[in-house]
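Below are the chains, spelled out letter by letter.
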Amino acid sequence: MRASVHIDLPGWTKHGVDKLKARCEELHLQPRGTRGESGGQTGHTYDISNKHRLGYSEVQLVQKMIDGVNTLWKEDKEFQSKYNMGSMSTSSSKEFPNIQSKHSLVAKHVTKERWDKLCGITTKTSGFTLAKAIACAVQFDNQHCGIYAGDWDSYKDFAPVFDPIIQEYHGI
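Attention here is on the structure that accompanies the text. Going along each chain's sequence as written, the residues are numbered from 1 onward. Where totals are concerned, whole chains, interfaces and linings use all residues; where local detail is concerned, this predicted model gives features only for residues with pLDDT of at least 70, and gives and counts side-chain atom pairs only at 80 or more. Neither water nor hydrogens contribute to the side-chain values; these are computed over all heavy atoms in the structure.

### A look at the nonpolar core
Alright, step 1. Val-106, Val-110, Trp-115, Leu-130, Ile-134, Ile-147 and Val-161 are the most contacted members of the largest nonpolar core, which totals 18 residues.
Alright, step 2. Only DSSP runs of H or I covering at least 4 residues are called helices, and only runs of E covering at least 2 are called strands; the numbering of each starts at the N terminus. Elements supplying a minimum of two residues to this core: helix H4 (105-109), helix H5 (112-118), helix H6 (130-133) and helix H9 (159-170).
Alright, step 3. When neighbours within four sequence positions are excluded, Val-106 is seen to be in contact with Ile-99, Ile-134, Ala-137, Cys-145, Gly-146, Ile-147 and Ile-165.
Alright, step 4. In this text, buried Ala, Val, Leu, Ile, Met, Phe, Trp, Tyr and Cys residues form a nonpolar core when linked through side-chain atoms within 4.5 Å. Residue exposure (1.4 Å probe, protein chains only): buried if accessible area is under 20% of the type maximum, exposed if over 50%, otherwise partly exposed. In this structure, Ile-7, Cys-24, Leu-27 and Tyr-46 belong to the second largest nonpolar core, which totals 14 residues. A contact between two residues is defined here by any heavy atoms of the two lying within 4.5 Å.

Following this line, the structure appears as structure tokens:
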């Protein structure tokens, strides 16, 4: 089983992608770009998954991924401090974003009214924002859904956006 999460690691990116790959190897993780297995790396957002797929229970595999991602996240904060990067976020602006994926579910359901209501919210679990959740639809013009939950609070805090997208995607 493969469990994965998308995470912004600007500090690790600045420190060196090869060093990140080596650290992931130590943690039994596999880093990928957010555009899939062969899509390459763009920016500082990575798809991090457990390296092992067989021989462990689902709980063990998911926990290995969670523990490793938490370690990378803490180390990333240290690198951001070391390189004087400050707090990196996808967008600190409250301005309505220019969504490049014009035909995505994000373009349909992230209205200016919903953006204005939700853009100032930061999740308690990991400090995730709506700007981070929709970053791929803002950056790329080829997304179908165009949204990712950064943590479990994302579904609750950004429900006015996530609920209709999930319902439409699944036809419910």
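That was the structure; now back to the text.
### Topic: the pattern of salt bridges
Alright, step 1. Between Lys or Arg on one side and Asp or Glu on the other, a salt bridge is scored when a side-chain nitrogen of the former is within 4 Å of a carboxyl oxygen of the latter. Tallied over the entire structure, the rule returns 8 salt bridges.
Alright, step 2. The residue Glu-75 makes a salt bridge to Arg-23 at a minimum N-O spacing of 2.7 Å. Of the two residues, Glu-75 is situated in helix H3 (residues 58-82) and Arg-23 in helix H2 (residues 17-26); the sequence distance between them amounts to 52 residues.
Alright, step 3. Relative accessible area serves as the criterion here: at 16%, Glu-75 is assigned to the buried category.
Alright, step 4. One network of salt bridges, with partners in common, ties together Arg-23, Glu-26 and Glu-75.

### Some words on the sheet that holds strand E3 (residues 45-50)
Alright, step 1. Pairs of strands are assigned from DSSP output, requiring at least two bridges between the strands. With antiparallel pairing, the 3 strands of this open sheet are ordered in space as E1-E3-E2. Edge positions in the open sheet fall to strand E1 (4-8) and strand E2 (29-33), since each of these has one partner strand only. Averaged over all neighbouring strand pairs, the angle between strand axes comes to 30 degrees, with direction disregarded.
Alright, step 2. Direction of pairing for E2 relative to E3: antiparallel, over a ladder of 5 bridges. Each bridged residue has a counterpart across the sheet, and for Gly-33 the counterpart in E3 is Tyr-46.
Alright, step 3. Lines are fitted to the C-alpha atoms to define the axes, a helix being fitted only along its stretch in contact, and any angle between axes, read from their N-to-C directions, falls within 0 to 180 degrees. Seen against the sheet, H2 touches E2 and E3 and runs at an angle of roughly 145 degrees to E2.

### Points about the environment of Phe-162
Alright, step 1. Tracing the backbone shows Phe-162 in helix H9.
Alright, step 2. On a C-alpha basis, the gap between Phe-162 and Phe-128 in space is 14 Å, while along the polypeptide they are 34 residues apart.
Alright, step 3. Those residues within four positions of Phe-162 in sequence are excluded, and the remaining contacts are Ile-147, Tyr-148, Ala-149, Ser-154 and Tyr-155.

### Here we look at the packing of aromatic side chains
Alright, step 1. Within 6.5 Å between ring centres, the rings of Phe, Tyr and Trp (the latter by its six-membered ring) count as paired, and their orientation is classed by plane angle as stacked under 30 degrees, edge-to-face over 60, tilted in between. If you walk through the whole model with that rule in mind, you get 4 aromatic pairs.
Alright, step 2. An angle of 80 degrees between the planes, with centres 6.5 Å apart, marks the rings of Phe-96 and Trp-115 as edge-to-face. Taken together, the residues span a long stretch of sequence, with Phe-96 in the loop between H3 and H4 and Trp-115 in helix H5 at a distance of 19 residues.
Alright, step 3. What makes Phe-96 partly exposed here is its relative accessible area of 32%.
Alright, step 4. Since its relative accessible area comes to 2%, Trp-115 is described here as buried.
Alright, step 5. Within the aromatic cluster, the residues linked to one another by ring pairs are Trp-12, Phe-79 and Tyr-83.

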